[in-house]
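Below are the chains, spelled out letter by letter.
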Amino acid sequence: YLGEVGTTEGLAGDFAVYSTPEWGMLAGSMQLDSYVHRHGDKTKGTLAGVITRHAPPTINKATGKPENDTDTYIKNMRAALEAFGVAEKGDKFDSRNIKQHVALLIAMTSKESGKSFPWTKETLVHAVNNATRVWQRADGKWDRKGLMFPDNDLAENLEIVREDGIATVTLYGVKVTVGEDGAPA
């Protein structure tokens, strides 16, 4: 993705490093779309499938113990979507539904950083407004074309208030305090 400046070695593999939070958030936003639309056969368009694709149960190379608690990750992300009022029946996740997309991006960013949503409103709005859609070309290869959320109203419907390291996010009128694990605090 644009803005990627290298990788850092994690206990279960390498992870991308971005030059700015904006680039990292943009990559995360576009990755969510890829999980649903490019890898939909594997994720089945469900929240559980998206999270399992993102954080599969892996083994820590150093200890031989499980690295990701995927079941808890799914439970916390589901709780976040429910708190924001955007959970779908049947665990469906639509990466092109701006409310679901942003709610999951907030929760996953909190989980991955280990901090209650640490970025600014401007960083999040920039990522969402510049994320492009993944689509399959006639030759079967994948490409990106067109904005996922053109002419959206996210900037007018998002507020982030941080107090003592804890973020309270209001998204389209629904206020949620976000924990370090991505679940509502």
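Quick look at the structure, then. The structure presented is a predicted model; accordingly, all values stated were derived computationally and were not measured. (Residues numbered from 1 in each chain as written. Predicted model: local features only at pLDDT ≥ 70, side-chain atom pairs only at ≥ 80, totals over all residues. Heavy atoms only, no water.)

### Considerations on the overall build of the protein chain
Helix and strand counts for the protein chain stand at 6 helices and 7 strands. Listing every helix and strand of the protein chain by position from the N terminus yields β-β-α-α-α-α-α-α-β-β-β-β-β. Relative to the compact-globule value of 16 Å for 185 residues, the protein chain shows a C-alpha radius of gyration of 16 Å, a close match. For the C-alpha atoms alone, the extent of the protein chain along its principal axes is close to 45 × 40 × 35 Å. Across the 185 residues in the protein chain, those meeting the buried criterion constitute 38%. Taking the contacts inside the protein chain whose residues are at least 6 apart along the sequence as the reference set, 53% of them involve residues at least 24 apart. Accessible surface, the protein chain as shown: approximately 9700 Å² in total, 50% of it carbon and sulfur. Between the mean site of the 22 positive side-chain charges and the mean site of the 25 negative ones, the protein chain shows a separation of 6 Å. (Helix = DSSP H or I, 4+ residues; strand = E, 2+ residues; numbered from the N terminus. Rg over C-alpha atoms; globule rule 2.2 N^0.38 Å. Buried < 20%, exposed > 50% of the residue type's maximum accessible area, 1.4 Å probe, protein only. Contact = heavy atoms within 4.5 Å. Areas by Shrake-Rupley, 256 points an atom, 1.4 Å probe, with all protein chains shown as cover. Lys, Arg positive; Asp, Glu negative; His and termini not counted. Charge placed at Lys NZ, Arg CZ, Asp CG, Glu CD.)

### Digging into the environment of Arg 137
Along the polypeptide, Arg 137 turns up in the loop between strand 3 (132-136) and strand 4 (142-147). Judged by relative accessible area, Arg 137 falls into the partly exposed class, the value being 27%. Measuring from C-alpha to C-alpha, the distance between Arg 137 and Gly 3 comes to 25 Å, with 134 residues separating the pair along the chain. A polar contact of 3.5 Å, which involves the side chain of Arg 137, links it to the side chain of Asp 143. (Polar contact = N/O pair within 3.5 Å; in protein donor to acceptor, adjacent residues only side chain to side chain.)

Scope: geometric values only; no functional claims are made or implied.
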